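Structure at a glance
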Amino acid sequence: MASPTKHIIIFISIFTLFVLSCADSSEVLVTKKLRGGKRVCTKGWECSTFSEYCCNDTISDYFQTYQFENLFSKRNSPVAHAVGFWDYRSFITAAAVYQPIGFGTTGGKLMGQKEVAAFLGHVGSKTSCGYGVATGGPLAWGLCYNREMSPSQSYCDDSYKFTYPCAPGADYYGRGAIPIYWNFNYGATGDALKVDLLNHPEYIEQNATLAFQAAIWRWMTPVRKGQPTAHEIFVGTWKPTKNDTLSNRIPGFGTTMNVLYGDSVCGQGDIDSMNNIISHYLYYLDLLGVGREQAGSGDVLTCAEQKAFNPSSTSSSASS
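Quantities reported herein were computed from a predicted structural model and do not represent experimental measurements. (Residues numbered from 1 in each chain as written. Predicted model: local features only at pLDDT ≥ 70, side-chain atom pairs only at ≥ 80, totals over all residues. Heavy atoms only, no water.)

1. Remarks on the packing of helix α10 (residues 253-261) against helix α11 (residues 272-287)
Where α10 meets α11, the axes come as close as 11 Å, and the angle between the chain directions of the two elements is 130 degrees. On the basis of their axis angle, the class for α10 and α11 is oblique. Like other packed secondary-structure pairs, α10 and α11 cross with a definite hand, here right-handed. Across from Phe-253, Met-257 and Tyr-261 in α10, the residues of α11 making contact are Met-274, Ile-277, Ile-278 and Tyr-281. Here the residues of the contact of α10 with α11 are counted per class, giving seven nonpolar, no polar and no charged. (Axes fitted to C-alpha atoms, helices over the stretch in contact; angles between N-to-C directions. Helix = DSSP H or I, 4+ residues; strand = E, 2+ residues; numbered from the N terminus. Parallel < 35°, antiparallel > 145°, perpendicular 65-115°, else oblique. Left-handed = near helix turned anticlockwise from the far one by under 90°. Contact = heavy atoms within 4.5 Å. Nonpolar A, V, L, I, M, F, W, Y, C, P; charged D, E, K, R; others polar.)

Okay, here's the thing in structure tokens:
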């Protein structure tokens, strides 16, 4: 008699094959209805929850496998450190969880393309092993890593021992598409994704879909209560307060760096770490056929003169 575990594995395998076969299908059933006077839709497996956002183009409508390959063309080179790990299916499967709440589906096709380029610009810059004279150029090497290669510490903050205590033997070094550091960040991400990342942080470097899902969750979720998400900042649904204006924080790509990384990147002037993220975003806009001219003016792109949402002494950003 087969064990329950074997039945679960078989079910997951069948479901995965179903999802992937649906992803390859050119026929997508769109279901529409009115809810509260507003039109809401579902759109196949990729946008399966009734939502106003699902009435728009989904990510696979405008971002396909060959474009993913173009953006990350060197990720499977022999010298890369995560060969065979990252792929388009993992990204699109992870994105499907968040498309019904607006990831890549807010606004029209152009805004969707820009948001995907912006999100992946962060991902590419944070996982790159490119350098100035690298083959294909330094911006072609995103998704080279899925983990920090030489951790300097275990990233265990014992002040969280009552909420997110460090597990014996666990190391909380950077892992993922937008790398997660520290026990409290693994704990909070795991709570949201319903995965025990506090006791098993290694899951992030073992499952590309989970790694992308964790990064998109960070993009779609406030770092602190009352603060905007990177998504809201980018698509323009965030309305800055007077304090934001005085701190030079405005809607656009630049402020997504602020809310994600704080003063490790922002408020430091024209530094390389900030410019590297911007360069990946602009490069991806060009490769997607959108064009970097759609990125906006310099003040929208930069955070060089912004005050951090979360100064380093109190920051809990994913990449701090």
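2. Some words on the state of the cysteines
Considering all chains together, one arrives at five disulfides under this definition. Disulfide pairing is shown between Cys-129 and Cys-144; the S-S distance is 2.0 Å. In this structure, the disulfide formed by Cys-129 and Cys-144 twists by about 95 degrees around the S-S bond and is classed as right-handed. Pair noted here: Cys-129 is in the loop between α5 (109-126) and α6 (183-193) and Cys-144 is in the loop between α5 and α6, with a separation of 15 residues, a long-range link. In this structure, Cys-129 and Cys-144 share a single accessibility class: buried. Linked covalently through their sulfurs, Cys-156 and Cys-166 form a disulfide whose S-S length is 2.0 Å. Here the S-S torsion is close to 110 degrees, and the disulfide linking Cys-156 with Cys-166 is therefore right-handed. Highlighted residues: Cys-156 in the loop between α5 and α6 and Cys-166 in the loop between α5 and α6, separated in sequence by 10 residues. (Disulfide = S-S within 2.5 Å. Buried < 20%, exposed > 50% of the residue type's maximum accessible area, 1.4 Å probe, protein only.)

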